[in-house]
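Observations on chain architecture
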Amino acid sequence: MRQPESKPAGSAPGRIVASHGRRVLLEDASGRRLPCRLFGRDLKVVCGDRVRWRPADAEGADGLVVEVEPRRTVLSRLNMGGGSEPIVANLDRLVAVLAPAPAADLDLCDRYLAAAEWADLEAAVVLNKRDLPGASEPVLTRALDVYRRIGYAVATASKREPAGVDELARLLSRGTSVLVGQSGVGKSSLTNRLVPGIEAAVQEISRGTQEGRHTTTAAVLYLLPGGGELIDSPGVRDYAPPLPAPRNVASGFREIAAVAADCRFPDCHHRGEPGCAVEPAAAAGRVDARRLASYRQLLGLAEQFAARARSKGPPRPDRGFRR
Ligand SMILES: Nc1nc2c(ncn2[C@@H]2O[C@H](COP(=O)(O)OP(=O)(O)OP(=O)(O)O)[C@@H](O)[C@H]2O)c(=O)[nH]1
Ligand SMILES: [Mg+2]
Ligand SMILES: [Zn+2]
């Protein structure tokens, strides 16, 4: 923790709207966006942070960020060392973006939705690129039906339909939302349509190499013209949230948590225990089998971390987050 006496006096409130390590873009109280630097080595900020800053002429920056305000909410990721790494702060809603291409990773979507539950965020799912034929594949249609049925807002969009983002704009018009998902699903393309006048770089997949260009490298916060704030974030290959204790993993899966109230044992892990209410609910189609498998994957990961923490070994997953 920074000592109060080392903090320069005369600071003003600001908001981090983009963060590139020690260089950040800050929005001041009048709405101006200024390049700033972080003061001191141990100060760390993420997009969405509310901070104190002061004007300064420092290495091409207009100001120095001197302090981070406590975060109201934070979306974090589990890093390979087993630690929790903040991605964006002070948000209200996570929007998981899927597309038919690159092929929708539904388990990844479930992990994002679980992250939202644990971080106390609203969550929604958007199927983008609905102009592509794969958008009506049964697995995708079924997954969206399940998300809708368990209470998540679900919207569809396509850049080929000029008017089609109204539904999404309404969904995002309150509070701060972040678009998350695989690289190339069209988060920046959606952002460009929701916030006219900006040019979030859109990656054009070069066919020969499948290498993406202009892939988003840092989360950026924009003001939506119809109200609300939108954060476009860099795409991922994989994502896992910081995990709770194994017995609390089910709270990340709201339909499983709802049924689990009827399990015989309060610490039931819903993996074949006697008197488990989740298994029969899945057999009867009231809990989606794919979601149950996603839950069990995260449960396995949580158990792995809990075991390593007990043996005080280095908390590293063996490979990736999938089992
Ligand atoms: N057919 C179709 N293509 C789209 C649509 N939206 C985006 N694309 C294309 O998908 C590619 C990736 O779009 P981006 O907006 O850069 O994707 P992203 O999710 O921001 O990617 P990262 O920044 O790497 O995470 C680009 O070639 C877009 O033109 C859509 O609705 N339909
Ligand atoms: Mg992008
Ligand atoms: Zn159970």
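So, a few notes on the structure that sits alongside this text. Every value quoted in this text rests on a predicted model; they were computed, and no experiment measured them.

1. Focus on the pairing of strand E2 (residues 23-28)
Of the strand pairs in this sheet, strand E1 (residues 12-20) and E2 are connected by 6 bridges, and their pairing is antiparallel. Looking at the pairing, Arg 15 lines up with Glu 27 of E2. Following E1, the chain reverses through 2 residues before pairing antiparallel with E2; Gly 21 in that reversal takes a positive phi of roughly 65°. Sheet topology places E2 next to strand E3 (residues 33-38); 5 bridges connect them, and they run antiparallel. In the strand pairing of E3, Arg 23 is matched with Arg 37. Once E2 ends, the chain turns through 4 residues before running back antiparallel as E3, passing Gly 31 with a positive phi of about 95°.

2. Remarks on unusual backbone geometry
One can expect most non-glycine residues to show negative phi and most peptide bonds to be in trans. The residue after Ala 101, namely Pro 102, is reached through a cis peptide bond having omega -5°. We note that Asp 120 has phi near 65°; this positive angle belongs to a residue other than glycine. Within the element layout of this structure, Asp 120 appears in the loop between helix H1 (106-118) and strand E9 (122-127). For Lys 129, which is not a glycine, the phi torsion comes out positive at approximately 60°.

3. Thoughts on the site of ligand 1
Near ligand 1 you find 22 residues, and of these Lys 159, Ser 183, Ser 189, Thr 215 and Thr 216 are the closest. One nitrogen or oxygen atom from the main chain of Val 185 is found 3.4 Å from an oxygen atom belonging to ligand 1. Protein burial of ligand 1: of its 660 Å² of free accessible surface, 95% is covered by the chains. Among the residues making up the shell around ligand 1, the classes are represented as 4 nonpolar, 12 polar and 6 charged.

4. Examining the coordination of the magnesium ion (ligand 2)
Around the magnesium ion (ligand 2), the donor atoms from the protein are Ser 188 (OG) and Thr 216 (OG1), and they sit 2.0 to 2.1 Å away. In this pair, Ser 188 sits in helix H4 (residues 187-194) while Thr 216 sits in the loop between H4 and strand E12 (220-223), placing the two residues 28 residues apart along the sequence.

5. Some words on the coordination of the zinc ion (ligand 3)
For a metal bound by four donors in tetrahedral geometry, the ideal donor-metal-donor angle is 109.5 degrees, whereas six donors in octahedral geometry ideally sit at 90 or 180 degrees. Cys 263 (SG), Cys 268 (SG), His 270 (ND1) and Cys 276 (SG) make up the full set of protein donors to the zinc ion (ligand 3), lying at 2.1 to 2.4 Å. Each of the 4 donor atoms around the zinc ion (ligand 3) contributes to a set of angles spanning 102 to 116°, which defines the coordination as tetrahedral. Along the chain, the residues donating to the zinc ion (ligand 3) fall in the pattern C-x4-C-x1-H-x5-C. Residue Cys 268 shares its accessibility class with Cys 276, and that shared class is buried.

6. Quick look at the nonpolar core
Grouped together as the largest cluster of nonpolar side chains are 34 residues, with contacts concentrated most on Leu 75, Val 88, Leu 94, Val 125, Tyr 147 and Val 178. Of all the elements in the fold, those that place two or more residues in this core are strand E8 (93-98), H1, E9, helix H2 (138-149) and strand E11 (176-180). Here the element with the most residues in this core is H1; it accounts for 7 residues. In this view, Leu 94 contacts Leu 75, Tyr 112, Ala 116, Leu 121, Glu 122, Ala 123, Ala 124, Val 178 and Val 180; residues no more than four positions away in its chain are not counted. If you look at the next biggest cluster of nonpolar residues, it comprises 23 residues, including Val 249, Cys 263, Ala 281 and Phe 305.

7. Description of empty space enclosed by the protein
Applying the stated rule across the entire model yields 1 cavity of 30 Å³ or more. Reported here for the largest cavity is a volume of approximately 50 Å³. If you go around the largest cavity, the residues you meet are Ala 96, Val 97, Leu 98, Asp 105, Leu 108, Cys 109, Tyr 112, Val 180, Gly 181 and Gln 182. The residue inventory of the lining of the largest cavity, partitioned by class, reads 7 nonpolar, 2 polar and 1 charged.

8. Side note on H4
Counting buried positions over the 8 residues of H4 gives 6, a clear majority of the element. If you check which residues of H4 are buried, you get Lys 187, Ser 188, Ser 189, Leu 190, Thr 191 and Leu 194. If you follow the buried residues of H4, they end up packed against E8, E9, helix H3 (166-171), E11, E12 and strand E13 (229-232).

9. So, the environment of Glu 199
Looking at the element boundaries, Glu 199 is found in the loop between H4 and E12. Taking relative accessible area as the criterion, Glu 199 reaches 77% and is therefore assigned exposed.

10. Regarding the pattern of salt bridges
For the structure shown, the criterion picks out 20 salt bridges. Between Arg 72 and Asp 92 there is a salt bridge, with its nearest N and O atoms 3.1 Å apart. With Arg 72 in the loop between strand E5 (61-68) and strand E6 (74-78) and Asp 92 in the loop between strand E7 (84-89) and E8, the pair connects residues that are 20 residues apart, well separated along the chain. Arg 72 gets classed as exposed once you look at its relative accessible area, which sits at 53%. For Arg 142, the salt bridge goes to Asp 288, with nearest N and O atoms at 2.6 Å. Within this pair, whereas Arg 142 is found in helix H2, its partner Asp 288 is found in the loop between helix H6 (278-283) and helix H7 (289-311), the two being separated by 146 residues in sequence. What makes Arg 142 exposed here is its relative accessible area of 51%. Shared partners join several salt bridges into a network, and the residues in it are Asp 107, Asp 110, Glu 255, Arg 290 and Arg 291.

The rules behind the values
Throughout, residues of each chain are indexed from 1 in the direction in which the sequence is written. Lettering for chains starts from A, numbering for ligands starts from 1, and both go in the order in which the items are written. Note on the predicted model: pLDDT of at least 70 is required for a residue's local features to be given, and 80 or more for side-chain atom pairs to be given and counted; whole-chain, interface and lining totals, by contrast, use all residues. The basis for every side-chain value is the complete set of heavy atoms in the structure, and neither hydrogens nor water enter the calculation. Paired strands are those between which DSSP finds at least two bridges. Every helix listed is a DSSP run of H or I at least four residues long, and every strand listed is a run of E at least two residues long, numbered separately from the N terminus. The nearness test applies per residue and asks whether one of its heavy atoms lies within 4 Å of the molecule or strand. Between N or O atoms, a polar contact is any pair within 3.5 Å; within protein, one atom must be a potential hydrogen donor and the other a potential acceptor, and residues adjacent in sequence are included only when both atoms are from side chains. Only the protein chains shown count as covering a residue, and every accessible area follows the Shrake-Rupley method with a 1.4 Å probe. In this classification, Asp, Glu, Lys and Arg are treated as charged, Ala, Val, Leu, Ile, Met, Phe, Trp, Tyr, Cys and Pro as nonpolar, and every other residue, Gly included, as polar. Here a donor is any nitrogen, oxygen or sulfur atom (N, O, S) within 2.8 Å of the metal, with 3.2 Å used for Na, K and Ca; water is not among the atoms considered, so some sites may look incomplete. Any site counts as irregular unless it has four donors with all angles between 85 and 135 degrees, making it tetrahedral, or four or six donors with opposite ones more than 155 degrees apart and the rest between 65 and 115, making it square planar or octahedral. Each residue is placed in one exposure class: buried if its accessible area under a 1.4 Å probe, protein chains only, is under 20% of its type's maximum, exposed if it is over 50%, and partly exposed if it falls in between. As used in this record, nonpolar core signifies buried Ala, Val, Leu, Ile, Met, Phe, Trp, Tyr and Cys residues forming a set joined through side-chain atoms within 4.5 Å. Any two residues whose heavy atoms approach within 4.5 Å at even a single point are treated as in contact. In this analysis, the protein atoms alone were mapped onto a 1 Å grid. Cavities are point sets where a 1.4 Å probe fits without being able to get out; pockets are open sets with protein on both sides within 12 Å along at least five of seven lines; lining residues have an atom within 4 Å of a point. Grid points are joined across faces, edges and corners, and a volume is the space filled by probe spheres set on the points. One side-chain nitrogen of Lys or Arg within 4 Å of one carboxyl oxygen of Asp or Glu is enough to make a salt bridge.

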